[in-house]
Amino acid sequence: MNRRPYIAAILGSALACGLTYGADAGAKVEKKTVTLINATGTADGSSEISREAVKECIVALPTAESLEPEVTSDSRYLKEINGDPAKNEWAKVYTAKLIINYQMYKKDLLIVATKSVEGKDPTIREVDKRLPAAKEFLSNPSDGDTYAGRSNRQYYYTKAEGAAKDVKDRALVWLKQQKPLVCSDTK
């Protein structure tokens, strides 16, 4: 194998590089630092809407005198009434329901942000609204005046007044708990 043309080619290349380098040896060499930033964005012009609650309160609550429960009755066959094994009979039992309707005041901040290259400020708008609300109460038969059964004892109201009083008492407790949430002003 003849290595002379190969060596000659290598020496020729090295000589050419040396001449080129030697010619540039007197030139000014600048070093530059380049920083590459890779970023992805979603500047597609779409909008993002968000809500933030600022204020929420109850506009008004009914008075205790205005509460009127709805009382319903049902006939049931009760065994061993009030623990008497000989007392098995049909009885009229009562349940009561009371619905309190009221109005809620809500103030929200509506924030609309647009995804754009220009970087627009978000649009902020206050939204006031009044919404109807309701709270339902049912009489609790475990507080009833009559019970039936031996091992699976169940309580019942056998008087309409007892069921009505129970549900009204429950509603009054809830009304007292809501008093701090009543709006002082809705502006």
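Everything that follows concerns the structure shown earlier in this document.
Student: Kindly report on the pattern of salt bridges, identifying the contributing residues and their values.
Tutor: Applying the stated criterion across every chain yields a total of nine salt bridges. Note that Lys 165 and Asp 169 form a salt bridge whose closest N and O atoms lie 2.8 Å from each other. Taken together, the residues span about one helical turn, with Lys 165 and Asp 169 both in helix α2 (residues 160-178) at a distance of four residues. Judged by its relative accessible area of 34%, Asp 169 is partly exposed. The salt bridge partner of Asp 166 is Arg 170, with a shortest N-O separation of 3.1 Å. Here Arg 170 and Asp 166 lie together in helix α2, a separation of four residues that amounts to about one turn. What makes Asp 166 buried here is its relative accessible area of 10%. Three or more residues joined by partner-sharing salt bridges are found here, namely Arg 51, Asp 108 and Lys 129.

Analysis parameters
Residues numbered from 1 in each chain as written. Predicted model: local features only at pLDDT ≥ 70, side-chain atom pairs only at ≥ 80, totals over all residues. Heavy atoms only, no water. Salt bridge = Lys/Arg side-chain N within 4 Å of Asp/Glu carboxyl O. Helix = DSSP H or I, 4+ residues; strand = E, 2+ residues; numbered from the N terminus. Buried < 20%, exposed > 50% of the residue type's maximum accessible area, 1.4 Å probe, protein only.

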